[in-house]
There are 2 protein chains.
Amino acid sequence: MLQQTMEKPSTKINGVDVTALGRTLRLLNEEPKLGAFQFRASNRWIGGGLNRSTVQGFYGAGEEHGRSKAFTMTADEPPVLIGGDQGANPVEFVLHALAACLTTSMVYHAAARGIEIGAVSSELEGDIDVRGFTGLADDVRKGYSNVRVKMTVASAAPANTLETLAKFSPVYDIVSNSLPVELSVETR
Amino acid sequence: MLQQTMEKPSTKINGVDVTALGRTLRLLNEEPKLGAFQFRASNRWIGGGLNRSTVQGFYGAGEEHGRSKAFTMTADEPPVLIGGDQGANPVEFVLHALAACLTTSMVYHAAARGIEIGAVSSELEGDIDVRGFTGLADDVRKGYSNVRVKMTVASAAPANTLETLAKFSPVYDIVSNSLPVELSVETR
């Protein structure tokens, strides 16, 4: 009780608890190894283009975090790509991950700087020539050739400041730059 | 009626309609511009680390495709990352997108080659040092430093063949290689 009443009350900016954020940043600065996180997913094929991932536990800030319930995500392909359209397709999930991460990165970094944000919305487009995936054209890349993101932000801060803050995004780094993916396949 | 009865019945391998797949591949070969697809997502910030994407229409195979209902995806951050844990976080969505795409790519390419697959499951891990995201360490990358994917496949085909087929994956290409992302921010 005493401890609770003596602690500074939490302050929120942009819905982000900046008291907790400041504490986290100080801890990370004092103990850099707390920055090591490991995220995980399990996926199971259902049939055709349909499969489902489960995300639950992860490691971070020096300990294991087990969520009480798992998040599930269902991927499928639309009929034109020979699927049953029971979920967004994998490259659409990439657009979501990118939009979500740019938004959160902007909002958190703005909160840490005391910049207030009233609203954020974004529209994304990704161009892909499926001849790359099919193997019909070796000179066509398999993934998106490019992605465009238009963010609209209600804020008094300059747009270029907000853009710089959004670019702290881990997913922006992941898709913009190369990342080593170790793939191993085992048959049974 | 005549046309229907004269058409070959659909054949499925791995749940993939290989009759339709063959027809698609022939069309793409004859008319390469049908390969141009554009996928889209809209995202709206809710507060703090919470935001939601909507995926519905896309362009492909020479026409617009409007799904009858939209898919929504909710991203949030866990409490240790100052969020409310109402959804997987953006980098966890990347793992899902990658797992889903490797799986579908393997399954489709196997079907096209007549390789039967009985089951696929995968386990993914991504390492990330959040000091990169926070800006506390300039020499630490913001995204994953590396990702490991272990796929287990029930099939008589050799594991290295299946691995080659999985690597047709567009998301594997997107995360393994660099991709131009044009980000624009507008304030209002």
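A brief look at the structure comes next. Predicted model only: the values in this text are computed from it and were never measured.

With respect to helix α2 (residues 18-30) of chain B
For α2 of chain B, spanning 13 residues, the distance from its first C-alpha to its last is 18 Å, which sits close to the expected 18 Å at 1.5 Å a residue. V18, T19, A20, L21, G22 and L28 of chain B are the residues of α2 of chain B that are buried. Where α2 of chain B is buried, its residues contact α4 (130-134) of chain A together with β1 (12-13), β2 (16-17) and α3 (90-112) of chain B. Measuring from the side-chain oxygen of the N-cap residue of α2 of chain B to the backbone nitrogen of T19 of chain B gives 3.1 Å; that N-cap residue is D17 of chain B.

Remarks on the packing of aromatic side chains
In the structure shown here, the tally under the stated rule is 7 aromatic pairs over all chains. Measuring from ring centre to ring centre gives 6.2 Å for F93 of chain A and F93 of chain B, while their planes differ by 15 degrees; the resulting arrangement is stacked. Placement of the pair is F93 of chain A in helix α3 (residues 90-112) and F93 of chain B in helix α3, with the two residues belonging to separate chains. Ring pairs connect the aromatic residues F37, F39 and F58 of chain A, which therefore count as one cluster.

Examining unusual backbone geometry
Even without being glycine, N14 of chain A reaches a positive phi, approximately 60 degrees. Examined against the element boundaries, N14 of chain A turns out to sit in the loop between β1 (12-13) and β2 (16-17).

Re the side chain of S53 of chain B
As for its placement among the helices and strands, S53 of chain B is situated in strand β4 (residues 50-55). A distance of 2.8 Å separates a polar atom in the side chain of S53 of chain B from a polar atom in the side chain of N43 of chain B. For S53 of chain B, the contacting residues outside a window of four places in its chain are H96 and A99 of chain A together with S42, N43, F71, T72 and M73 of chain B.

Side note on the interface of chain A and chain B
Contact residues are listed per partner, giving 129 residues for chain A and 129 residues for chain B. In total, chain A and chain B occlude about 11300 Å² of area from one another, counting both sides; carbon and sulfur atoms represent 63% of this. Interface area lost by chain A to chain B is led by F39, W45 and L183 of chain A, which between them contribute 7%. Remark: the boundary between chain A and chain B carries 6 salt bridges. Where chain A touches chain B, the interface holds 64 residue pairs in polar contact (both at pLDDT 80 or more). Sort the elements by how many residues they give to the side of chain A that touches chain B and α3 of chain A lands first, with 20 residues. Taken together, the residues that form the side of chain A that touches chain B break down as 65 nonpolar, 42 polar and 22 charged.

Let's talk about the relation of the copies chain A and chain B
For the pair chain A and chain B, the relating rotation is 180 degrees, the translation along its axis is 0.0 Å, and the fit reaches an RMSD of 0.0 Å. Those values place the two copies in the arrangement expected of a two-fold rotation axis. A symmetric contact is evident, with 100% of the interface residues of chain A recurring at the interface of chain B.

Quick look at the pattern of salt bridges
Residues and elements named next belong to chain A. Overall, the coordinates contain 18 salt bridges over all chains when judged by the stated rule. The partner of D129 in a salt bridge is R131, and the shortest N-O contact between them spans 2.8 Å. Of the two residues, D129 and R131, neither departs from the other in class, the shared state being buried.

The rules behind each value
Residues numbered from 1 in each chain as written. Chains lettered and ligands numbered in written order. Predicted model: local features only at pLDDT ≥ 70, side-chain atom pairs only at ≥ 80, totals over all residues. Heavy atoms only, no water. Helix = DSSP H or I, 4+ residues; strand = E, 2+ residues; numbered from the N terminus. Expected span 1.5 Å × (residues − 1). Buried < 20%, exposed > 50% of the residue type's maximum accessible area, 1.4 Å probe, protein only. Contact = heavy atoms within 4.5 Å. Polar contact = N/O pair within 3.5 Å; in protein donor to acceptor, adjacent residues only side chain to side chain. Phe/Tyr/Trp six-rings, centres within 6.5 Å; stacked < 30°, edge-to-face > 60°. Buried area = accessible area lost by both parts, 1.4 Å probe. Salt bridge = Lys/Arg side-chain N within 4 Å of Asp/Glu carboxyl O. Nonpolar A, V, L, I, M, F, W, Y, C, P; charged D, E, K, R; others polar. Least-squares fit on C-alpha atoms with pLDDT ≥ 70 in both.

All we've got here are geometric facts, nothing functional implied.
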